[in-house]
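Residue strings, one per chain:
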Amino acid sequence: MLQQTRIAAVLPYYDRFLAALPTVHALAAAPQEQVLSLWSGLGYYSRARNLQRAAQEIVANHKGKFPRDLEAALALPGIGRYTAAAVLSIAYDAPFAVLDGNVARVLARLFAVHGDLREPARWRRLGEAAQNLLAQSPAGDWNQAVMELGETVCTPQTPRCATCPVSQFCRARALRLTNEIPAPRRKRAPVKIKIAAAIFRDPRGRTILLRDPGAHDHVLFSRMWQFPAVEVRRDPAAELAKHLQDELGPVAASLILEPLRPAKHTVTFRNITLLPYLARVSRLPKSVRIRVLPLDRLHQLPVSSATRKLAASVLSQ
Ligand code: SF4
């Protein structure tokens, strides 16, 4: 259900992306800023960067066609074993089995595999099992069927064994171990982080965004345009004020920072509290690293959802 909700939430963004960049040539030729702007809202921004780099290599070295050869596919930016197998089997009916979380769960239950499935040796053996089971033709249909089985029938909780088409072969079911297999994944302990950000606003409703301005931009702001921000510990306003002076110089010395309602944000294992501060100014700071734009027009630049949340804290006032 969570996944379906997530898919429903991101589909409009994918549609917008595909409508604007419908071919590999269009994607390869587009300015990176346009690609990232269209990707905004989908998260995992390195995927957008890799997708474009892969498109550029496909245009430059493969006559605009995704390569049919596994090694060549794996050499493309952002293309790992799973994606290569999925694309090659579905597009070209090539005999490569996919192994994702859904397929691994189905196989682990079919063969009653205990332990952490992501442990490298175990994951490798699951990949070999998937390859051995693969129907040679049509391989793409087979891969999609197994993924779908995991997504809709052999679900993580309460698998629907009574309607499962492979239940007669399932060892976990025979052993009454469907609730124990797969073993829960060892999750990285969550880390709490506080980020204070300054949202400048001039009398015309304009603000500033920076790029690569410092702490946590690579994680939280995905190396995209963002408000000046810094990770804080004890005194958010004072630490942010110091950061602004370091980043923007004396122009930030006399700023009054008005605290706004905090927002929560999660990036993988990081539980982030966003602490927005409004900085009303008569004139916005200037620098070559700064972009000035209306606060309600952030979509004109590639920004992460954390930046959108920060902007919303001002716009919803
Ligand atoms: S019988 Fe149940 S546990 Fe086994 S593969 Fe089917 S849905 Fe999964």
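A brief report on the enclosed structure follows. Remember, it's a predicted structure, so these values are computed and weren't measured experimentally. (Residues numbered from 1 in each chain as written. Predicted model: local features only at pLDDT ≥ 70, side-chain atom pairs only at ≥ 80, totals over all residues. Heavy atoms only, no water.)

1. Re the nonpolar core
The biggest cluster of nonpolar side chains holds 39 residues, and the ones touching the most others in it are F66, L88, V103, L107 and L126. Per-element tally for this core: the top contributor is helix 7 (residues 101–110), with six residues. If we skip the residues at most four places from it in the chain, F66 touches I58, A73, L76, I79, V87, L88 and Y92. By size, the runner-up hydrophobic cluster in this structure holds 23 residues, among which are I193, L209, I272 and L293. (Core = buried A, V, L, I, M, F, W, Y, C linked by side-chain atoms within 4.5 Å. Buried < 20%, exposed > 50% of the residue type's maximum accessible area, 1.4 Å probe, protein only. Helix = DSSP H or I, 4+ residues; strand = E, 2+ residues; numbered from the N terminus. Contact = heavy atoms within 4.5 Å.)

2. Side note on the packing of helix 3 (residues 32–39) against helix 4 (residues 45–61)
Where helix 3 contacts helix 4, the axes come no closer than 10 Å and their chain directions differ by 135 degrees. Considered as vectors, helix 3 and helix 4 are oriented oblique to each other. Here helix 3 runs over helix 4; the crossing is right-handed. Where helix 3 approaches helix 4, its residues Q32, V35, L36 and W39 are matched on the opposing element by Y45, R47, A48, R49, L51 and Q52. Of the residues contributing to the contact of helix 3 with helix 4, the split by class is six nonpolar, two polar and two charged. (Axes fitted to C-alpha atoms, helices over the stretch in contact; angles between N-to-C directions. Parallel < 35°, antiparallel > 145°, perpendicular 65-115°, else oblique. Left-handed = near helix turned anticlockwise from the far one by under 90°. Nonpolar A, V, L, I, M, F, W, Y, C, P; charged D, E, K, R; others polar.)

3. Topic: the site of the ligand
In the region of the ligand, the neighbouring residues are R109, C154, P159, C161, C164, S167, C170, R173 and T178. Split by residue class, the shell around the ligand holds five nonpolar, two polar and two charged. (Near = heavy atom within 4 Å.)

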